[in-house]
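Structure at a glance
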Amino acid sequence: MNLGIVKHLSIILIFTSLLGCTGNNIGPGSNNNVPGGNDEGWAVPTQYVLDGGVGKDGIRSIDNPAFLTVAEADFINDDELVIIVNFQGIIKVYPHKVLDYHEIVNDVFQDSLLTISYCPLTGTAAAWKGNFSGINTDFGVSGLLYNNNLILYDRETDSYWSQMKFFSIFGTKVFDEVDFVPVVETTWGTFKQMNLPAEVLRGNVGSSTNYSSYPYGNYRTDNNYLLFPLEEPDDRLGAKERVLFVVDEDQDVEMVAINYPSPDLVQNVVVSNDVAYIRNNALNLMVALPTITTDGVTHTFEYKHNALPVILIDEEGNEWDVFGKAVSGPRTGEQLTPIYSMVGYFFPISSIFREANIINYRPIGG
Amino acid sequence: MRVSVILLLLCLFFITSRKSYSQACCSGGAPISFNLVFSTAPIHTFQFALSYDYNNLGTLLESSDKFNDNNRTRATHAILLNTGYTFSKQFAIDAVIPYVVQVRKVYFQNSTSDYTTVAGIGDLVVLPKILVFGANSINRHLQLGAGVKAPTGKSNVKINQIALNADMQPGSGSWDLIFMANYYQTLRSRKSVGFNSTINFRLAGTNKNYLEVQEYQFGDDFYWLNSISDQFPLNNALLSPTFGLRYRFIGISKINGVELDNTGGQWLTALIGVSLIWNNLPTLNVSGELPIYSNVNGIQLSTSYRFNIGIQQQLSLKK
């Protein structure tokens, strides 16, 4: 009988050892990679910073991107959305269908690092330089989300950066702002109408996925399909309504929606606070540009149809393209100052920014 | 008899009536129902078992296709304590309580980028069982069970104040119903050869307090395990190898009633195990499972292998 007890104890000890093999620091808040605690050090409330489930780098950024010509990029359908970056005279196109799987591309334009990010959950894209704030770095997917929006981490200081807020929300660089580069989002078909020479991201070499399927089912269209809680739920528009929004220095936001049937918003250009909101539903194109040129002159813009990539003409006769560059007229070659704008789903905006004002909107049912 | 038929019909009704796609990473939790190990026992017998279960999810799949990406693993370690008691020839009850360690690892450029662990008591399963026939036979029996999985495990664990998703929690936060049917039959020509067929179905309830303001429902979980075992003398003990096939089907999870993509799936696994049976000493059970076929919804980490080792002992109170 004593022998039996000894054997029992031995086996229990073996089990205990096996458990110990998983780490002596088992338990919440011990040996984990999740940063922070009690909002200390965070620029945002941690109640709305959530673990997305995949872990840090669980979604793999593309760090050595490969590109195709426009003619070669036959894996993109005309109605699929793409992100266009025009930087240092080079135009590159990043299809949503690739970014849905990778979320971040660490790219090089001439000699400059540029990180392009896309958050499938909030539908927002951003580009910023890798060399700013004293760092020269790539970025990765942190695995955390703030109000459903992507949080990136930089691989030099391990600081965490909010994609939609454009600044660091945790780490040694907290509150430092990124050096952003504007992006244009539209469909592949609309981009092709622009007839611009471009390089098109082909996806991760070596990945077995062919990017043919959207990995989130009907997430893009189901207004009830939200994965994580929001700080300020907002039902003025449908959750997945795509809007163009502009953020000012106080983190206040103004926005227009692309398909929203506002009776007052039949025109393609709406001006508010010195910003022209340009939208064309048929082209699935929304762009925000300043109405004031660098010499302080305020311009009156009109939409120019059927002239892509030109979308505006002003009272001086200048024609401006989607990137805010004058391509004809007395100001040819002049560049409008980029403004901090994004296209994305409506639902996270009120939670991430201080004030969210919808321009010319009509309340649902109103 | 009537009760058991009703239980079986209920089980079949739920399986066929609920819309059940499948799921994946969230299937990674401790497979408690796999560990309802007790077979029939004499009246007034206590049964105890202590086991360690390791479930490794390291295969990234899109449907049945393997991704060329092995940079992440999810593993669930579980220590499971089983107890059972046989009240009469017909009625018995089993209970399982796990201690769960959830581990998530991601590798990036040959180093560990993410290593997150959560540990705690898991959910308790209590399963009353009825013997439909075979009370007086060691050669064949059919028993049915219906019970509950109670949310004794935490489902709101945070690390540094940052909430983890449902997959990484030790508990599900929901009350679930468990149904079980087990048939055993020995070969007439060789009584030591036994065929065992077990069906288990977990009807998942809803965690009403997921991330404090949301509702989360794991997919329903069904498996059918068919195995065959034999016994051979080995010194003063009996060696009993087992071979089996398990079909498992997990329904799609829901968040606030909306179906979650990349959850749910179906798997066919091969099981191989061995038991060492001594007189008056605990039986030692060791088993492993490897997937033969996996088909997940969307993209998910899927089980690469599973391993279980445990001891089991009976204690008769009958004088």
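Note that the coordinates shown come from a computational prediction; the quantities given were computed from them, not determined experimentally.

The rules behind the values
Residues numbered from 1 in each chain as written. Chains lettered and ligands numbered in written order. Predicted model: local features only at pLDDT ≥ 70, side-chain atom pairs only at ≥ 80, totals over all residues. Heavy atoms only, no water. Domains from an automatic or database assignment. Contact = heavy atoms within 4.5 Å. Buried area = accessible area lost by both parts, 1.4 Å probe. Salt bridge = Lys/Arg side-chain N within 4 Å of Asp/Glu carboxyl O. pLDDT = per-residue confidence, 0-100. Phe/Tyr/Trp six-rings, centres within 6.5 Å; stacked < 30°, edge-to-face > 60°. Helix = DSSP H or I, 4+ residues; strand = E, 2+ residues; numbered from the N terminus. Buried < 20%, exposed > 50% of the residue type's maximum accessible area, 1.4 Å probe, protein only. Lys NZ or Arg CZ within 6 Å of the ring centre and 35° of its normal. Pairing = 2+ DSSP bridges. Axes fitted to C-alpha atoms, helices over the stretch in contact; angles between N-to-C directions.

1. Examining the domain arrangement of chain A
All names here are of chain A. Taken domain by domain, chain A holds domain 1 (19-201) and domain 2 (242-359). Counting residues at the interface gives 30 residues for domain 1 and 25 residues for domain 2. In total, domain 1 and domain 2 occlude about 2300 Å² of area from one another, counting both sides; carbon and sulfur atoms represent 67% of this. Of all residues in domain 1, Met 164, Glu 185 and Met 194 bury the most surface against domain 2, accounting for 23% of the area lost on that side. One can count one salt bridge joining domain 1 with domain 2.

2. Let's talk about the confidence of the model for chain B
All names here are of chain B. Per-residue confidence for chain B gives a mean pLDDT of 88; residues scoring 70 or more make up 88%. This stretch, residues 1-29, has a pLDDT under 50; its non-local contacts, to residues over four places away or in other chains, come to 78 contacts. In the predicted assembly, ipTM is 0.85 and pTM is 0.87.

3. Digging into the packing of aromatic side chains
Two aromatic rings, taken as a pair, are described by how far apart their centres are and by the angle between their planes. For the coordinates displayed, the defined rule picks out 33 aromatic pairs over all chains. For the ring pair Phe 166 of chain A and Phe 180 of chain A, a centre distance of 5.5 Å and an interplane angle of 80° mean the geometry is edge-to-face. With Phe 166 of chain A in the loop between strand E12 (160-162) and strand E13 (167-170) and Phe 180 of chain A in strand E14 (residues 180-181), the pair connects residues that are 14 residues apart, well separated along the chain. Look at Phe 166 of chain A and you get buried, because its relative accessible area is 6%. With relative accessibility at 22%, the residue Phe 180 of chain A sits in the partly exposed group. Here the aromatic cluster, defined as three or more aromatic residues joined through ring pairs, consists of Trp 128, Phe 132, Phe 139, Trp 161, Phe 166, Phe 180 and Tyr 340 of chain A. Residue placement shows Arg 246 of chain B over the ring face of Tyr 223 of chain B; its charged tip is 4.6 Å from the ring centre.

4. Focus on the sheet that holds strand E27 (residues 356-358) of chain A
Residues and elements named next belong to chain A. Reading across from one edge, E26-E17-E18-E27 is the order of the four strands in this open sheet, with mixed pairing throughout. In this open sheet, the two edge strands, each paired with only one partner strand, are strand E26 (341-345) and E27. Sheet twist, expressed as the average angle between the axes of neighbouring strands with direction ignored, equals 30°. Bridge count for strand E18 (residues 253-257) against E27 is three bridges, and the pairing is parallel. Following the sheet pairing, Glu 254 is matched in E27 by Asn 357.

5. Some remarks on the sheet that holds strand E25 (residues 326-328) of chain A
All names here are of chain A. The sheet built from four strands is open, its strands ordered E22-E23-E24-E25 with antiparallel pairing. Each end of this open sheet is capped by a strand with a single partner; those strands are strand E22 (301-303) and E25. This sheet shows a mean twist of 40° between the axes of neighbouring strands, independent of strand direction. Sheet topology note: the strand E24 (residues 319-321)/E25 ladder contains two bridges and is antiparallel. Within E25, the position partnered with Glu 319 by the bridge is Ser 328.

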